[in-house]
Amino acid sequence: MTSGSTPPIGGTAGVDLAGRTAMVTGAGSGIGRACATVLATAGALVHVVDIDTEAAKAVAEEIGGRAHAVDLAQSHCVDTLPADIDILINNAGLQHVSPLIDFPSERFELIQKVMVLAPFLLIRRTLPHMRARGWGRIINISSVHGLRASAFKAGYVTAKHALEGLSKVAALEGAPHGITSNCINPGYVRTPLVEQQIAAQASAHGIDADQVVGEVMLGRSAIKRLIEPEEVAAVSTWLCGPHTGYITGTSIPVDGGWTAA
């Protein structure tokens with residue numbers, strides 16, 4: 001079911017973020033937590049944003065950051081978050097698996113609010129500070145589903161494709177001011193969201209969890225293992241480093257070869 005092993009992950013070599021301020025949404029667990037941790041290790045002050053109050057507080061305490069318990073589906077809540085941000089990582093997300101004909105419209109709308117509208121509002125809110133400083137990094141945690149579609153994920157696939165477009169517009173408008181905007185496109189990452197999908201699909205298909213991972217989730221991946229959150233976080237920190245200022249408006253697959261086929 002797996003091929004190869006997970007290498008040791010550092011992620012901050014050559015990246016000094018002392019004096020920088022970052023914000024990571026969905027930072028209470030999974031990829032967001034890993035990103036917040038590695039940015040703090042590199043010296044940034046990190047604002048930890050999550051709908052789960054206790055999770056946000058726990059991560060902030062662990063990394064010396066600042067916690068913000070915010071429901072990003074409520075647009076007005078964005079105005080309560082700081083605007084003086086140098087590094088914005090839009091990571092918060094949710095999933096719903098259902099055929100199009102049965103997909104609840106309210107769930108579709110919720111996914112767009114959290115995964116498209118909130119990133120738009122956060123980019124709009126933080127861009128003036130980045131422009132004033134002549135430096136900024138917007139990093140959107142997209143997905144292989146921002147580049148490819150899968151059945152039964154209309155809400156998620158639509159949102160990730162929209163995020164890709166938003167990221168490119170931000171790249172074009174930010175370029176004259178030293179601001180880059182990129183998407184990171186992971187395959188299946190070992191996160192609570194994916195763990196829930198494994199359990200749900202095992203139940204739906206009447207197979208065990210290992211079969212779900214190996215046959216369903218990793219069927220199109222050349223590397224047969226789940227991606228670790230720290231591997232995605234390492235890419236996010238690299239994008240903040242000294243040698244990536246010319247990388248903007250692009251999508252970086254971290255997908256084990258999924259999109260190569």
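Conventions used here
- Residues numbered from 1 in each chain as written.
- Predicted model: local features only at pLDDT ≥ 70, side-chain atom pairs only at ≥ 80, totals over all residues.
- Heavy atoms only, no water.
- Core = buried A, V, L, I, M, F, W, Y, C linked by side-chain atoms within 4.5 Å.
- Buried < 20%, exposed > 50% of the residue type's maximum accessible area, 1.4 Å probe, protein only.
- Helix = DSSP H or I, 4+ residues; strand = E, 2+ residues; numbered from the N terminus.
- Contact = heavy atoms within 4.5 Å.
- Salt bridge = Lys/Arg side-chain N within 4 Å of Asp/Glu carboxyl O.
- Disulfide = S-S within 2.5 Å.
- Pairing = 2+ DSSP bridges.
- Axes fitted to C-alpha atoms, helices over the stretch in contact; angles between N-to-C directions.

Peer 1: I tried to follow the nonpolar core on my own but got confused; where do I start?
Peer 2: Across soluble globular proteins, nonpolar side chains show a tendency to be buried alongside one another. In this structure, Leu39 and Val46 are the most contacted members of the largest nonpolar core, which totals 35 residues. Mapped onto this core, the elements with two or more residues apiece are strand E1 (21-25), helix H1 (30-41), strand E2 (45-50), helix H2 (53-63), strand E4 (87-90), strand E5 (136-141), helix H7 (229-238) and strand E7 (251-254). No other element matches H1, which puts 7 residues into this core. Leucine 39 has contacts with Leu17, Ala22, Val24, Ala44, Val46, Ile87, Ile89, Thr237 and Cys240, leaving out every residue within four places of it along the chain. In this structure, Val49, Ile85, Leu121 and Ala170 belong to the second largest nonpolar core, which totals 31 residues.

Peer 1: Teacher, can you tell me more about the pattern of salt bridges here?
Peer 2: Two side chains that carry opposite charge are able to pair once their charged atoms sit near each other. In this structure the tally under the stated criterion is 7 salt bridges. For arginine 125, the salt bridge goes to aspartate 79, with nearest N and O atoms at 4.0 Å. Here arginine 125, found in helix H3 (residues 105-133), pairs with aspartate 79, found in the loop between strand E3 (66-69) and E4; they are 46 residues apart in sequence, far enough to count as distant. Taking relative accessible area as the criterion, arginine 125 reaches 27% and is therefore assigned partly exposed. Residue aspartate 79 is classed as exposed on the basis of its relative accessible area, which comes to 55%. The closest approach of N and O atoms between glutamate 231 and arginine 225, which form a salt bridge, is 2.9 Å. A relative accessible area of 17% places glutamate 231 in the buried class. For arginine 225, a relative accessible area of 15% gives the class buried.

Peer 1: Whenever I open this one, unusual backbone geometry confuses me. Can you help?
Peer 2: Most peptide bonds take the trans form, and the phi angle of most residues other than glycine is negative. The backbone phi angle of phenylalanine 152 is positive, close to 75 degrees, even though this residue is not glycine. Looking at the element boundaries, phenylalanine 152 is found in the loop between E5 and helix H4 (154-174). Overall, the relative accessible area of 48% leaves phenylalanine 152 in the partly exposed class.

Peer 1: I tried to follow the state of the cysteines on my own but got confused; where do I start?
Peer 2: Formally, a disulfide is one covalent bond, and it connects the sulfur atom of one cysteine to the sulfur atom of another. One pass over the full model with this rule turns up 0 disulfides. As a non-bridged cysteine, cysteine 183 has cysteine 35 as the owner of its nearest cysteine sulfur, 13 Å distant. Taking the relative accessible area as the measure of exposure, cysteine 183 reaches 0% and is therefore buried.

Peer 1: Is there a simple way to explain the sheet that holds E3 in this structure?
Peer 2: Across a sheet, paired strands are connected by hydrogen bonds in the backbone, their directions being either parallel or antiparallel. Strand order in the open sheet formed by 7 strands is E3-E2-E1-E4-E5-E6-E7, and the pairing between neighbours is parallel. Of all the strands in the sheet, the pair left with one neighbour each is E3 and E7. Adjacent strand axes in the sheet meet at a mean angle of 15 degrees when their direction is disregarded. Sheet topology note: the E2/E3 ladder contains 4 bridges and is parallel. Note on E3: the bridge partner recorded for valine 49 is histidine 68. Along the sheet, H4 makes contact with E5, strand E6 (179-186) and E7, crossing E6 at roughly 160 degrees.

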